[in-house]
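# Observations on the three-dimensional arrangement
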Amino acid sequence: MSDGGDPDETNAGEISGEISGGTREHDRDDERVVLVGKESVGKTALAAALTGATATDENVGGSTVSSEVYRADGLEIVDTPGITLEADTETTRETLAELERTDRVVLVVPATDVDRDLADLLPLVQGRTGSIVVTYWDKVEDTDGARQVIAGLEDDLAVPVVPVDARNLSRVAADGGVARSDASPVGGTSTETGATDARSVLEAIRGGAELPGGAATHVGWQIEPPETVFERPYLGPIASGLVLLLPALVAVWFANTVAGRLDPLVGGALEPAVGWAATLPGPLAAILGGDYGLLSMGPFLFVWALPTMLIFALFMGAYKASGLVTRVTTALHPVMRRVGLTGRDLVRVVMGFGCNVPAVTSTRSCSDCTRCTTISAISFGSACSYQFPATLAVFAAVGMPWLVGPYLAILVATTLIYVRLIAPPEARTTTMAVDRRTFLEWPRPRAIWREARTSLASFVRTALPVFAAICVVAAILEYAGALDRLGVTLEPAMGVFALPAEAALPVVLASIRKDGIALLTADTAGVAALSPVEVLVAVYLAGVLLPCLVTAITVAREVSWTFVATMLARQAGAAIGFALVIAWVGTALF
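Nothing here was measured: the structure is a model prediction, and the numbers come from that model.

Any two aromatic rings considered together are summarised by their centre-to-centre distance and by the angle between their planes. Tallied over the entire structure, the rule returns seven aromatic pairs. Arranged with centres 6.1 Å apart and planes meeting at 85°, the rings of Phe353 and Phe388 form a pair that is edge-to-face. On the criterion of sequence distance, the pair formed by Phe353 in the loop between helix H10 (343–351) and helix H11 (356–361) and Phe388 in helix H13 (residues 387–397) is long-range, its members being 35 residues apart. What makes Phe353 buried here is its relative accessible area of 12%. Relative to Tyr407, the ring of Phe395 has its centre 5.9 Å away and its plane inclined at 70°; by these criteria the two rings are edge-to-face. You can see Phe395 sitting in helix H13 and its partner Tyr407 sitting in helix H14 (residues 404–422), a full 12 residues away along the chain. Neither Phe395 nor Tyr407 differs from the other in exposure class; each is buried.

Given below as structure tokens:
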């Protein structure tokens, strides 16, 4: 959940109430406050600045959508997902449901569009105890006059209304005062912006009153950020596409210049351990040191997969923290709507190149009419941090690194065709749930990491345990000879795609774990004898025939096993059809 902006870097020891990095068990005596607002209004930056604590992801109130919870001394701040009134999203429904379960709220509205947000959101919080925080105060030019308007609004609403610049909010010191910073001196406001400091915001939160259902006073201004290339009719989609392509280009560079050199070094360092594992009893030797064992696959995981995931997570974190992601999604929406996705949905598909798990869970903020289509697109076309590096490794092993260009072009094209075929008609008429342009700001390292750590946490908590379990299962199946028998059974089918029988086993393994694609390099001489078209077809079929088990399990948790079964059958059919076309057309042309 990105709400734009980020507080200054803070020292954990200076923060009042930071308890074990924000991971303390919930204290029943803590006063609970829920932050409510639209997307990209600064809720996350505000919560982080007020507490200085690291958020914990929790399913608040029994909901299925996790909210970030920040804890300060005696105060628990719940950062709910942004409300999008224009779209029927699961996150919006859960946020509205959370409002029904709480009495104290903080309504967060941007100084750039106060009147519209108050008109939309005050009816939702009417009757509850709370206060109003006006973010992006640094964007208001006439600060003195504007503060008088805010004071009049506070008198009208009869609740505390405090303006803040969440990126430069003064820090709460350990003694309960305010720590000095360059942006904000000790006192009630910053001399540069007139914005309220953290101590005053906390006082306003604790001193909230009953919120009304509307405002008679209007601030009378609406501040729009300047247009950029992303708002141009033709250049906008092109520039946005290049922005989303940039993480993939960096991942390709890393694979070709860093990972390729590190892999043999790490593998060599682990050779003694693999040799020792070979002396263990049969099944245990297979689990630890076999071709699919934990020690054998370790180099691929930490040299190829984890760095690729981090590259995409950091890029997406920077895009979100800077406000760029909203500009990109808005620019791409007119194009993507024709195939049945929104611009917002496309960003989730690109996230899947880092890791499918957080990409699938992030579809909770997609519209109901496009969510399942987006999940299907992630399952089909998002080459995750296992699949993408394995693909690059195969191209490098056969001396054809240039194939990454045609591969990505074919993957994108077939994914768009696939989505267009499966998307419901109403998905192609959906509107973009963004009611204003976001301000673009240089992202700060703390903000980037706050956004990226969610993807990293999903990778560590969900993907890695399943990866280990699949390693164990695959090693046992290999030890029992089941994988070889299955590969032999499918060998005749490879002839349909003009592929050698040796391609059967990588296709089978890739359906369990996407780095199984790398098995195409096991017989280096045989793979080197393949033509570029055959290598392309083999890698493509292994990558898109079925999603990996991690993705399938995650989708089942998010939607249902019935949907997973339908998705698997549909994806397998489309992958086979596309692979046949690539093989036959490629052979005819080349």
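This part is about the pairing of strand E4 (residues 75–79). Extensive coverage of E4 is indicated by the burial of five of its five residues. Of the two faces of E4, both are covered, the one formed by Leu75, Ile77 and Asp79 as well as the one formed by Glu76 and Val78. One ladder, built from five bridges, connects strand E1 (residues 31–36) with E4; its direction is parallel. Its bridge partner lying in E4, Val34 is registered against Val78.

Inside soluble globular proteins, nonpolar side chains tend to come together where they are buried. Of all hydrophobic cores here, the largest spans 75 residues; its most connected members are Phe380, Tyr386, Phe388, Phe395, Tyr407, Val535 and Tyr540. Secondary-structure elements contributing two or more residues to this core are helix H6 (235–278), helix H8 (294–322), H13, H14, helix H15 (445–480), helix H17 (504–510), helix H19 (532–544) and helix H21 (561–589). Ignoring sequence-local partners within four residues, the contact set of Phe388 consists of Ala248, Ala251, Val252, Ala383, Val404 and Leu408. In this structure, Phe230, Val325, Ile378 and Val564 belong to the second largest nonpolar core, which totals 30 residues.

Buried residues dominate H10, accounting for nine of its nine residues. Those residues of H10 not exposed but buried are Gly343, Arg344, Asp345, Leu346, Val347, Arg348, Val349, Val350 and Met351.

A few words now on the pattern of salt bridges. Summed over all chains, the structure comprises 11 salt bridges. One salt bridge connects Asp117 with Lys38, and the closest N-O pair in it is separated by 3.6 Å. Here Asp117 is found in helix H3 (residues 114–125), whereas its partner Lys38 is found in the loop between E1 and helix H1 (43–51), with 79 residues between them in sequence. Of the charged contacts, one joins Lys139 and Asp138 as a salt bridge, the two residues approaching to 3.7 Å between their closest N and O atoms. Among the residues examined, Asp138 registers a relative accessible area of 31% and is labelled partly exposed. Put simply, Lys38, Asp117 and Asp120 are held in one network by salt bridges that share partners.

Helix-helix packing: each pair is described by the crossing angle between the helix axes and the interaxial distance. In the contact formed by helix H20 (residues 549–558) and H21, the axes pass within 7 Å of each other and the chain directions differ by 135°. On the basis of their axis angle, the class for H20 and H21 is oblique. Contact residues: Ala552, Ile553, Val555 and Ala556 in H20; Trp561, Phe563, Val564 and Met567 in H21. Within the contact of H20 with H21, the residues separate by chemical class into eight nonpolar, no polar and no charged.

Another point: the state of the cysteines. Considering all chains together, one arrives at zero disulfides under this definition. Of the cysteine sulfurs around Cys366, a residue in no disulfide, the closest is that of Cys369, at 9.9 Å. Judged by its relative accessible area of 21%, Cys369 is partly exposed.

What follows is about helix H12 (residues 368–381). With 14 residues, H12 extends 20 Å from end C-alpha to end C-alpha; this agrees with the ideal 20 Å at 1.5 Å per step. Of all 14 residues that make up H12, 11 are buried, and the element is covered over most of its length. All of the buried residues along H12 are Thr370, Arg371, Thr373, Thr374, Ile375, Ser376, Ala377, Ile378, Ser379, Phe380 and Gly381.

Another aspect to go through is the side chain of Thr373. Mapped onto the secondary structure, Thr373 falls in helix H12. The class for Thr373 is buried, based on a relative accessible area of 4%. Setting aside residues no more than four positions away along its own chain, Thr373 makes contact with Gly340, Leu341, Val419, Ile422, Ala423 and Pro424.

Structurally, the position occupied by Phe312 is in helix H8. With near-sequence residues (within four places) excluded, Phe312 lies in contact with Pro247, Ala248, Ala251, Val350, Phe353 and Gly354.

Once that is clear, we can look at unusual backbone geometry. For Tyr136, which is not a glycine, the phi torsion comes out positive at approximately 55°. Within the secondary structure, Tyr136 sits in the loop between strand E6 (129–135) and helix H4 (143–157). Residue class for Tyr136 comes out buried when judged on its relative accessible area of 13%. At Ala498, a position not held by glycine, the phi torsion is positive, near 60°. Topologically, Ala498 is positioned in the loop between helix H16 (482–496) and H17.

At their nearest, the axes of H12 and H14 sit 10 Å apart, and the two run at 150° to each other. Between H12 and H14, the angle is such that the two are roughly antiparallel. Crossing of H12 against H14: the hand is right-handed. From H12, Thr373, Ser376, Ala377, Phe380 and Gly381 reach across to H14, where they touch Leu411, Thr414, Thr415, Tyr418, Val419 and Ile422. Taken together, the residues of the contact of H12 with H14 sort by class into six nonpolar, five polar and no charged.

What follows concerns the confidence of the model for the protein. Detailed reading of the predicted coordinates is not advisable wherever pLDDT is low. When pLDDT is averaged along the protein, the result is 78, and 82% of the positions lie at 70 or above. At the low end of the mean pLDDT range in the protein sits strand E9 (residues 178–179), at 40; at the high end sits H14, at 93. In the model, residues 58–65 has pLDDT below 50 throughout and makes 26 contacts with residues more than four positions away in sequence or in other chains. Here residues 171–195 is a poorly scored stretch, pLDDT under 50, and it has 63 contacts once near neighbours within four places are set aside; other chains count.

What counts and how
Residues numbered from 1 in each chain as written. Predicted model: local features only at pLDDT ≥ 70, side-chain atom pairs only at ≥ 80, totals over all residues. Heavy atoms only, no water. Phe/Tyr/Trp six-rings, centres within 6.5 Å; stacked < 30°, edge-to-face > 60°. Helix = DSSP H or I, 4+ residues; strand = E, 2+ residues; numbered from the N terminus. Buried < 20%, exposed > 50% of the residue type's maximum accessible area, 1.4 Å probe, protein only. Pairing = 2+ DSSP bridges. Core = buried A, V, L, I, M, F, W, Y, C linked by side-chain atoms within 4.5 Å. Contact = heavy atoms within 4.5 Å. Salt bridge = Lys/Arg side-chain N within 4 Å of Asp/Glu carboxyl O. Axes fitted to C-alpha atoms, helices over the stretch in contact; angles between N-to-C directions. Parallel < 35°, antiparallel > 145°, perpendicular 65-115°, else oblique. Nonpolar A, V, L, I, M, F, W, Y, C, P; charged D, E, K, R; others polar. Disulfide = S-S within 2.5 Å. Expected span 1.5 Å × (residues − 1). Left-handed = near helix turned anticlockwise from the far one by under 90°. pLDDT = per-residue confidence, 0-100.

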